[in-house]
Structures are given as C-alpha cells and as structure tokens.
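These are the residues of each chain, in order.
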Amino acid sequence: MLAKLNASLKDSAWPLGTTFLLLAAWEAAVRIMGIRSIVLPPPSEVVEVMFRRYDLLLDHLWPSVYLTVLGFALSVVGGIVVAVLITYSEIVRKGFYPMIVVSQVVPKVSIAPLFIVWFGTGTMSSLLLAFLIAFFPMTINAAMGFQSVDEDIDKMARTFMGSRWQIFWKIRLPNALPYIFGGMKISITLAIIGVIVSEFVASQQGIGYLIKLAGGLLDTPLMLGAITILSIAGLVLYGLIAAVEKRAIYWQAPIDTTMEAQI
Amino acid sequence: MPPSRRAPVARDSAPVTEMALRVAEVRKTFGALEAIKNVSIDVADGEFISLLGPSGCGKSTLLMMIAGLTQPTSGKLVLAGSPITGPRKDVGVVFQSPVLLPWRSVLDNVLFPIELLRLPRQQYHDRAMELLRMTKLEDFANALPRQLSGGMRQRTSICRALIHNPSTLLMDEPFSALDAITRDDMAVELLRIWQANRKTVVFVTHSIREAAFLSDRVLVMGRRPATIIDEVKIDLPRPRQVGMTEEESFNTYVRHLRKSIEASHAS
C-alpha cells in the first residue's frame, strides 16, 4: 500500500516538476521582459484573480458543468441504446451505422450556429451540442464492445441453452464495459467542448461566455483564470470516470482510447 | 433420462442394446464443399470414444452437430432416445480454449450453466465445490481466470461442463492448447473424473497417443470429406496409468492407429 503510494508519487514527480518549472519560467519571463498583463499576465496574477473573483468564476462554471454532465449522461444512455440496436438489428447496422460513422467527418462544432437558429440562445442549444458531439464516440465504442464477444464464448453460452437476453446481460454487456468506459472518457472531454463552443456563440452565462466576455474587455488575467478553472473541472470529471472504471472493470487494465480519439 | 446411468458398464463388452448416442448416415455440406460424408457412429452409455483425425478433417463439425449447434445436411442424430434438434440439458461441452468469462470467479464460471439453465444456484453450489475439489481447484474458487495457469483454466471449464450433471460430455480438442507435460497430467485427471462420474464421452483429438490412452474405442476419421476409416477398440485395463503408455500393448494400438491415418493420407 505504502509502496504503491510511493511509486505513484515518483511517477507524478516528473510531470509535476516540469509543470512547476514552466510556470516559474513564465513568471520570470513576464517580469524580466516587462510584458504587459493584457498580453500575458504572470501565473501569480492569474491565481490571484481566481481567488479574488472566485464567486464570479464559480457562478459561470456551474451552468457549464451542469450542461456538460447532462449532455454527457444523455450521450451515454443514447449511445448505449443505439449500440444495442446496431448489434441486434440488421436494418440499423446496415442502414444507419455507416451513416453514423461517415457523419463523424462533419465537424460538430460547425453546427453550433445552426442550433442557435433552431433552439435559441438558451441552455437547450448547449445541451444538444454537448450531446451530439459526445454521442458518436460513445455509440461506436459501445457497439464495438457488444460485438467483440469471442465467438467461442457465444458458442459456449448457446450449448448451455443461453437465451439472447441472457447472453446480452451476462456476456455482451460486461464484455462491452471496458469499451464503454473508453468511450465515456472521450465523450466527457467532447461534451465540455460542445458546451463551451455553444456558449461562445450565444449565451448569457457559462464559463465559455465568461471567457468571451473577459476577452472583449481585454481582461486577460480573468480569461486565463476562467480557462484554468475550466481545465480543473474537466480533469475532475475525467478523474471521476477513471475512478469508477477502475472499480467496474476489476478484471483487466482499462482500454485507453482517449489519445487516438483526440488526434 | 436413462435411469441406469450409474450402473457400471462392462468394460470389454458394452451392451449393444442401450445406445446413448446414435449418429446415423450423417452428411454435412457447406455450399459445394462436402465436409462430412456418410458418418455413422453408435456410442454406448458410459462409453469413452475418441474421434481421431488430422486438423480440419471435420471432426469438430461432427461434434458441434452432436452439441446441437449445427444441423446436418442429411442423416440423423439421436441422443438418449430423442433426436438432437438443438442444444440440450443433458450435454456438457468442453471447447479447445477454456472460454471462461474473465469477470467471473472460478466458482461463478463453473455455476454459469446453472444460471443459463435457470436452475437453483444454491442447490448446485455444493456440487460445484465438489467438482473443484476433485480437480484440485478448491483453493481457487474465488480467483479470477487470469490468475490461473492454462491447465487450471481448462480444468475449470471441465467442471463447468459437468456442473449440471449431463449424461454426455463432448470435448473438442480440450488439451491441444496446453504444453506437453500439462497435457499428460490432464489426461490422467480427466480419466479420474470420468471414473468417479461416469459419462458418455465423445472426445475429439488429433493426438494418437491421447486417443489411445483415454478411450474405450477410437474412431479414425479421414480427410475431407470426412468418413470413419477405421475403428479400434482399446482393450487396456482401467483405471489407466501413465506407465501403461510404455507398454507394448499400448504401443501396438498407437502403431495401428498411425497406420490408419497414414493410409488415409496416401489415398
């Protein structure tokens, strides 16, 4: 236990160390070269702003987080349901699955203004964009998981007279869990992007709105503060999923599809 | 269904009247390809037979037909007096790979058929532990499959095939993925289980020695389209021990079987 903790401290020492060094270099460069705060504030000033205006930041953070989590949850449920349809319905698999895959090419962010036209500038647009953008990786991952059952396992279950229903609940679903969690880790980061972009386009609240507003006022420290707090929120959400994953998939190492999906 | 399953079958002369399994003039074609041509086999209750043949000769296809997973193109398969139309309760299957569910413990894997068959789990718990004890896995009942060695995994899958006490055990090259030493151990182990828990066994293998060591009778299958080209009764005493494989009587059988297989290659 202690050795484990020790090892994880050792593992994180390097990235933490380099981060600290970079921040120190940034701080020093700004001070030595006398760069104006509007262009690039030093980290210390960003931190100071975050403490001073934390209620403003949190006021705008919560709606964004709320919509992110809601959009993400909808994408998980929707993605799994569609994945089940893809697995069990030939019509959906042959007719819609290729369409879903091809539609991945469309940059979902470009649809944001269209959503504003359709659903107005309220939370509905943000929610739908978050859902839409997070839905595809979720669906594709879950479908892959449901369909990747070893042929012999399927045969084995059939020799013991397993019904389709039993095979789904007792084999396909647990088999898909690593894929589903892999999809969730991609989807949560994408849901954040969806919410922020729609807040950029049209909104009166949210951290995306605050970033845009601060930009308009040339309040660069506030902008960086908002970006920082958003990043922290993103890390926490991702970490929560990773923590649940570790418990849920106790029988194997998690599948990390995050990196490929981002590229 | 046959009430006399427990009755020991006379080793040398299995009663011809009481057939546990009857395969009659079975043919199987995949499109234009004829995989199995006119195979007939009768297996007595409690008899251990092997289907011996080269890889890809159709012996596994035949086994899957007995398991009810594939239908023959023509011919009849009858088990315990009723035609085989699909998977059924009185059959247990052991596959080439252990096919355990990685998220289930050894015990839960063994009890998996009980869940699928909707039998009371509680009632079979003791039997599962008994089977695990017999296969020396009782200390691993709560372990996950990935914590087991290859031989232990396959032993688990044998326990799983036996948990619902089927009258017939079908084994599809169950030891072929194991190393040679483990393989020999497993053969002895299997015979011990079979001795204690008499089932009709159909054992598919491409190992001549394995077939000769395990079986009451070896059916040699020729290459595509598969037919039975030879049938050899193995008259070695039971229980069989590894030492017997050194004896001349055993090696005579092995030589005979090898000749049969070579003859099928030549043609």
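Residues numbered from 1 in each chain as written. Chains lettered and ligands numbered in written order. Predicted model: local features only at pLDDT ≥ 70, side-chain atom pairs only at ≥ 80, totals over all residues.

### Looking at the overall build of chain A
So, point 1. Secondary structure summary: chain A contains 11 helices and 0 strands in total.
So, point 2. Shown N-terminal to C-terminal, the secondary structure of chain A runs as helices and strands in the order α-α-α-α-α-α-α-α-α-α-α.
So, point 3. Dimensions of chain A, computed from the C-alpha atoms along their principal axes, are close to 75 × 55 × 30 Å.
So, point 4. The burial tally for chain A puts 34% of its 263 residues in the buried class. (Helix = DSSP H or I, 4+ residues; strand = E, 2+ residues; numbered from the N terminus. Buried ≥ 20, exposed ≤ 12 C-beta atoms within 10 Å, placed from the backbone.)

### Topic: the overall build of chain B
So, point 1. In terms of helices and strands, chain B carries 8 helices and 10 strands.
So, point 2. Its C-alpha radius of gyration of 18 Å places chain B within 12% of the 18 Å reference for a compact globule of 267 residues.
So, point 3. Expressed as lengths along the three principal axes of its C-alpha atoms, the size of chain B is roughly 50 × 45 × 35 Å.
So, point 4. The buried share of chain B, taken over its 267 residues, is 43%.
So, point 5. Pairs at least 24 residues apart make up 72% of the contacts formed inside chain B by residues separated by at least 6 positions. (Rg over C-alpha atoms; globule rule 2.2 N^0.38 Å. Contact = placed C-beta atoms within 7 Å.)

### Points about the environment of A:M33
So, point 1. The residue A:M33 is located in helix α1 (residues 2–33) in this model.
So, point 2. Sequence-wise, A:M33 and A:D152 are 119 residues apart; in three dimensions their C-alpha atoms are separated by 67 Å.

### Section: the packing of helix α6 (residues 123–147) of chain A against helix α8 (residues 164–201) of chain A
All names here are of chain A.
So, point 1. Here α6 crosses α8 at 160°, and the two axes come no closer than 7 Å. It follows that α6 is roughly antiparallel to α8 by the angle criterion. Classified by chirality, the crossing of α8 by α6 is right-handed.
So, point 2. Grouping the constituent residues of the contact of α6 with α8 by class yields 21 nonpolar, 10 polar and 2 charged. (Axes fitted to C-alpha atoms, helices over the stretch in contact; angles between N-to-C directions. Parallel < 35°, antiparallel > 145°, perpendicular 65-115°, else oblique. Left-handed = near helix turned anticlockwise from the far one by under 90°. Nonpolar A, V, L, I, M, F, W, Y, C, P; charged D, E, K, R; others polar.)

### Thoughts on the confidence of the model for chain A
Note that predicted coordinates carrying low pLDDT should not be read in detail.
So, point 1. Put simply, chain A has an average pLDDT of 90, and 94% of its residues get 70 or more.
So, point 2. In the model, residues 258–263 of chain A has pLDDT below 50 throughout and makes 4 contacts with residues more than four positions away in sequence or in other chains. (pLDDT = per-residue confidence, 0-100.)

### A look at the interface of chain A and chain B
So, point 1. Residue-level contacts link 17 residues of chain A with 18 residues of chain B.
So, point 2. When residues of the side of chain A that touches chain B are traced back to their parent elements, those giving at least two are α7 (151–159) and α8 of chain A.
So, point 3. At 7 residues, α7(A) tops the list of elements feeding residues into the side of chain A that touches chain B.

### Description of the packing of helix α3 (residues 54–88) of chain A against helix α10 (residues 220–248) of chain A
Residue and element names in this part refer to chain A.
So, point 1. Packing of α3 against α10 brings their axes to within 11 Å, and their N-to-C directions diverge by 40°. Viewed along their axes, α3 and α10 adopt a mutual orientation that is oblique. In the packing of α3 onto α10, the handedness of the crossing is right-handed. Taking contact as the criterion, the partners of L57, L61 and V65 in α3 are, on α10, G225, A226, I229 and A233.

### Quick look at the sheet that holds strand β5 (residues 82–83) of chain B
All names here are of chain B.
So, point 1. Strand order in this open sheet of 4 strands is β2-β1-β4-β5, and the pairing throughout is antiparallel. What marks the edges here is a single partner per strand, and that holds for β2 (33–44) and β5.
So, point 2. The pairing of strand β1 (residues 19–30) with β2 spans 8 bridges and is classified as antiparallel. Within the sheet, the bridge partner assigned to R22 lies in β2 and is D42. (Pairing = 2+ DSSP bridges.)

### Some remarks on the domain arrangement of chain A
So, point 1. Assigned domains within chain A: domain 1 (1–35) and domain 2 (42–262).
So, point 2. With centres defined by C-alpha atoms, the gap from domain 1 of chain A to domain 2 of chain A works out at 29 Å. (Domains from an automatic or database assignment.)

### Here's the deal with the confidence of the model for chain B
Residue and element names in this part refer to chain B.
So, point 1. Across chain B, pLDDT averages 88, with 93% of residues at or above 70.
So, point 2. Note that residues 1–16 has pLDDT below 50 and, in this model, 18 contacts with residues that lie over four places away or in other chains.
So, point 3. For this predicted complex, the interface score ipTM comes out at 0.83, while the overall pTM is 0.84.

### Notes on the sheet that holds strand β9 (residues 217–221) of chain B
All names here are of chain B.
So, point 1. With mixed pairing, 6 strands are arranged side by side in an open sheet as β6-β7-β8-β3-β9-β10. At either end of the open sheet lies a strand with only one pairing partner, and these are β6 (91–94) and β10 (228–233). The average angle at which neighbouring strand axes cross in this sheet is 15°, direction not considered.
So, point 2. Relative to strand β7 (residues 168–172), β6 is paired through 4 bridges, and the arrangement is parallel. Counted as the bridge partner of G92 is L169 from β7.

### Points about unusual backbone geometry
All names here are of chain B.
So, point 1. Of note, the amide linkage connecting R238 to P239 takes the cis form, showing an omega dihedral of -5°.
So, point 2. For P239, the position within the fold is in the loop between β10 and α8 (248–266).
So, point 3. With a phi angle near 50°, N38 is a residue other than glycine that sits in the positive phi range.
So, point 4. Structurally, N38 can be placed in strand β2.
So, point 5. Note on N38: 15 C-beta atoms within 10 Å, which makes it partly exposed.
So, point 6. The phi torsion at V99 lies on the positive side, around 35°, for a residue other than glycine.

### Considerations on helix α6 (residues 180–196) of chain B
So, point 1. For α6(B), spanning 17 residues, the distance from its first C-alpha to its last is 25 Å, which sits close to the expected 24 Å at 1.5 Å a residue.
So, point 2. Packed against the buried residues of α6(B) are β3 (48–52), α5 (150–162), β8 (200–205) and α7 (208–214) of chain B. (Expected span 1.5 Å × (residues − 1).)

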